[in-house]
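Each chain, written out:
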Amino acid sequence: MSFVDSLYKFKRDSDEVKVGHKYRYVNPHRVVETAKVINVKKDTFGIPHVHFAISVDGDTSTGFEDFRTLGLSSFSERYCQAV
């Protein structure tokens, strides 16, 4: 994938992050992280951040839940599978 292609992918994925939607990441050990978007807003520097609830299910961490915040680009890269 070229640099231009990666920018296009980031733009497309970031535009699709919506409040109330769920996104998933499955790691190589089949641990599934599901993120439900609570809020998307810019910080004081104008950088968009995603505040989300996360639940983790897998062999050793079933039922783990927490709240987290990531920059929009980082969130889009990790949680790229819509549920």
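In this text, all values refer to a predicted model and were calculated from it rather than measured experimentally.

The rules behind these values
Residues numbered from 1 in each chain as written. Predicted model: local features only at pLDDT ≥ 70, side-chain atom pairs only at ≥ 80, totals over all residues. Heavy atoms only, no water. Pairing = 2+ DSSP bridges. Helix = DSSP H or I, 4+ residues; strand = E, 2+ residues; numbered from the N terminus. Salt bridge = Lys/Arg side-chain N within 4 Å of Asp/Glu carboxyl O. Buried < 20%, exposed > 50% of the residue type's maximum accessible area, 1.4 Å probe, protein only.

Asks: Which parts of the structure should I look at to understand the pairing of strand β1 (residues 22-26)?
Replies: The side chains of a regular strand alternate between the sheet's two faces. In this sheet, strand β2 (residues 32-42) lies alongside β1 in antiparallel orientation, the contact comprising 5 bridges. Residue pairing for β2: Tyr 25 is matched across the bridge by Glu 33. Linking β1 to β2, which pair antiparallel, is a turn of 5 residues; within it Arg 30 sits at a positive phi near 65°. Two elements, β1 and strand β5 (residues 81-82), share 2 bridges in a ladder whose sense is antiparallel. Its bridge partner being in β5, Arg 24 is matched across the sheet by Gln 81.

Asks: When you look at the pattern of salt bridges in this model, what are you seeing that I'm missing?
Replies: Across all of its chains, the model carries 2 salt bridges by this definition. We note a salt bridge from Asp 66 to Arg 68, for which the minimum N-O separation is 4.0 Å. On the basis of relative accessibility, which here comes to 33%, the residue Arg 68 falls in the partly exposed class.

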